Each structure stands twice: as C-alpha cells, then as structure tokens.
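# Descriptive structure summary
The residues making up each chain are set out below.
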Amino acid sequence: MLREIVLDTETTGTDAAKGDRIIEIGCVELANHIPTGRSYHVYINPQRPVSEGAFRVHGLSDAFLADKPLFAAIAEEFAAFIAGARLVIHNAAFDVGFLNAEFARLGRPAIDPDLVVDTLIMARRKHPGAPNNLDALCNRYGIDNSRRTKHGALLDAEILAEVYIELLGGRQTDLGLTLASQGASGARAAGGAASSGAPRRREIPAASRLADAEREAHAAFVAKMGEKAVWRDYLGEDAV
C-alpha cells in the first residue's frame, strides 16, 4: 500500500532562518491516492508574535495561539503520524524548511527529501506558464474552494489532496480500467470481438459479505468526505 500524507502549515511569517515559527499543521492521509478519513491537525504556540502580513493571510492571532501547545509537546505524535509516508506538499521547500527548523531545535532528524512530493513543481510541469497557486488549480480542476476565505492548514491540505489526484490524472485513475481491459483482452483470446470497453457485470450479483456495522461505518466515512466523494461516483447515492 502506498501511504501518503498531504500536508500544509501556517506560520508567523515567511522566513524560518530569521526565527519565524510554525503555528498550525494540517495533514490528510491517502492510501493508494484515496483519502482514508484519517487526519492530523494542531495549533501551536510559536513563542513569538505573528507578523501583520501573516495574520492577514490566516487570521490566527497571538491571543488565539497563547494557550496552544508548544511544538516540542506535539513533535512526537506529529512525527509518528507522518512516519514512513510520502509527504505531498504545495511549494514544499517552504513547509519542509519550517518543519526541519522546528525539528532541529529539538535535535530530531530532518525530513528525508526523497519522501517529499512538491505539487507546485508537478503543476508547473503540467501547466507551464499558467498560474499554479492552490486557488488557480482549484479553478482549473473544478474543485470547490469556497470555504477558503482564509488560509487554514487542514482545509488547505484537504483541498490539496483533491488537486493532487487531478495532477496525477484525475479521479478515475485506475478505477474500472483494469476490468475493462481484461474484458476486451479476454474476448480477443476467445476469438470473439472486443467489447465496447465497459466492465462486464455479473448476471447474478454476488452476495455481500459486509456486516451492517461495516456498511454504517463506510457510509459515515463517505459522508465525511462530502458531496464530491469519489465513492459516490462508483457506488451511487443510494449506497451512502
């Protein structure tokens, strides 16, 4: 299983080298490019004032952050959440630079750059010369970002997860294509004509092995993903 963490941060300013700190971390877990429903979100007391420019972007004030935990208090659980996963980040150099600065203060190892995927680089390769900030990509791919009146780490991570799937080739990546391919090749092997490419259906549907509790858990999981959940495209509204 490919495990990925889509990650975003908010900070006190733009320069980690000059002492700016992380004030919010948001993460969304993907398994084989599909959201699992697991996430990680925390606000952090940066022990320094938030710059006016940064406040205009995310709206997180010094007063709001004053009673939040220090990075040292959440470092262990955060590191455990991202351990072994590939990190998907938009403009990764910014977020990784801040995270590595926080880890360095605690004597923890830096993030392995080989485990980082930068969606900004992906977008620039796919759409050279076009705007490739998160809002522009949402507009390009028809992703609803109307809730994004201010930057927020968890919301931005959720939106970036949708953008990332589109950058990989869209929501139908490898869903149903294998069945269609096997159906066509099977017809050719039997000497018949290839089908139209639509997956073949069982004449008698197989009996479900799901327990009622499992059905309810899955329905709750899909409901949490919202109206655009990819499962709705393949299971139908009545399945959720």
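Given the structure is predicted, the values throughout are model-derived calculations rather than measurements.

### A few points about the pattern of salt bridges
Where charged atoms from two side chains of opposite charge approach closely, those side chains can pair. Here the structure, examined in full by the defined rule, presents 9 salt bridges. One salt bridge in this structure joins Arg21 and Glu102, with 2.9 Å as the shortest N-O distance. Taken together, the positions of Arg21 in the loop between strand 1 (3–11) and strand 2 (22–31) and Glu102 in helix 4 (residues 92–105) put the pair 81 residues apart, joining distant regions of the chain. Residue Arg21 is classed as buried on the basis of its relative accessible area, which comes to 14%. Judged by relative accessible area, Glu102 falls into the buried class, the value being 2%. Here Arg38 makes a salt bridge to Glu29, at a shortest N to O gap of 3.0 Å. By relative accessible area, Arg38 is classed as partly exposed at 44%. Exposure remark for Glu29: the relative accessible area of 7% places this residue in the buried category.

### With respect to the nonpolar core
Ile25, Cys27, Tyr40, Phe71, Ile74 and Phe78 are the most contacted members of the largest nonpolar core, which totals 24 residues. Listed by contribution, the elements that provide at least two residues to this core are strand 1, strand 2, strand 3 (34–43), helix 3 (71–82), strand 4 (86–89) and helix 4. With 6 residues, helix 3 is the largest single contributor of residues to this core. Other than its neighbours up to four places away in sequence, Tyr40 contacts Ile25, Gly26, Cys27, Ile74, Glu77, Phe78, Phe81 and Leu154. Of all hydrophobic cores here, the second largest spans 21 residues; its members include Val6, Cys138, Ala161 and Ile165.

### Some thoughts on the sheet that holds strand 2
Taken in spatial order, the 5 strands of this open sheet run 3-2-1-4-5, and their pairing is mixed. Two strands bound the open sheet, and with one partner strand each, they are strand 3 and strand 5 (116–118). Taking the axes of each pair of neighbouring strands and ignoring which way they run, one obtains an average angle of 25° across the sheet. Examined bridge by bridge, strand 2 and strand 3 share 7 bridges and lie antiparallel to one another. Considered in strand 3, the bridge of Gly26 is made with His41. Running over the sheet, helix 3 touches strand 1, strand 2, strand 3 and strand 4 and is turned about 170° from strand 3. Contacts between helix 4 and the sheet are confined to strand 1, strand 2, strand 4 and strand 5, with strand 1 contributing the most and set at about 80° to the helix.

### Details of the pairing of strand 4
Both strand 1 and strand 4 contribute to a ladder of 3 bridges, which runs parallel. Its bridge partner being in strand 4, Glu4 is matched across the sheet by Arg86. When strand 4 meets strand 5, the two strands line up parallel, connected through 3 bridges. Bridged to Ile89 within strand 5 is Asp118.

### Some words on the environment of Val96
Relative to the helices and strands, Val96 is located in helix 4. Given the relative accessible area of 14%, Val96 is considered buried. For the pair formed by Val96 and Thr9, sequence separation is 87 residues and the distance between their alpha carbons is 9.3 Å. The residues contacting Val96, other than those within four sequence positions of it, are Ile89, Ile111 and Val116.

### Overview of the packing of aromatic side chains
Aromatic ring pairs are defined here through the distance separating the ring centres and the angle between the ring planes. All told, the structure shown has 6 aromatic pairs when counted by the stated rule. Ring centres of Phe71 and Phe103 lie 5.7 Å apart, and the angle between their planes is 70°; this geometry places the pair in the edge-to-face category. You can see Phe71 sitting in helix 3 and its partner Phe103 sitting in helix 4, a full 32 residues away along the chain. A residue is classified by how much of its surface remains accessible, and Phe71, at 2% relative accessible area, is buried. Look at Phe103 and you get buried, because its relative accessible area is 4%. Seen from their ring centres, Phe94 and Phe98 are 4.9 Å apart, and the 45° between their planes marks the pair as tilted. In this pair, Phe94 and Phe98 both sit in helix 4, 4 residues apart, roughly one turn of the helix. Its relative accessible area of 27% is what places Phe94 among the partly exposed residues. Counting every residue linked through ring pairs, the aromatic cluster contains Tyr40, Phe71, Phe78, Phe81 and Phe103. One cation-aromatic arrangement involves Arg3 over Phe81; the distance from NZ or CZ to the ring centre is 5.7 Å.

Conventions and cut-offs
- Residues numbered from 1 in each chain as written.
- Predicted model: local features only at pLDDT ≥ 70, side-chain atom pairs only at ≥ 80, totals over all residues.
- Heavy atoms only, no water.
- Salt bridge = Lys/Arg side-chain N within 4 Å of Asp/Glu carboxyl O.
- Helix = DSSP H or I, 4+ residues; strand = E, 2+ residues; numbered from the N terminus.
- Buried < 20%, exposed > 50% of the residue type's maximum accessible area, 1.4 Å probe, protein only.
- Core = buried A, V, L, I, M, F, W, Y, C linked by side-chain atoms within 4.5 Å.
- Contact = heavy atoms within 4.5 Å.
- Pairing = 2+ DSSP bridges.
- Axes fitted to C-alpha atoms, helices over the stretch in contact; angles between N-to-C directions.
- Phe/Tyr/Trp six-rings, centres within 6.5 Å; stacked < 30°, edge-to-face > 60°.
- Lys NZ or Arg CZ within 6 Å of the ring centre and 35° of its normal.

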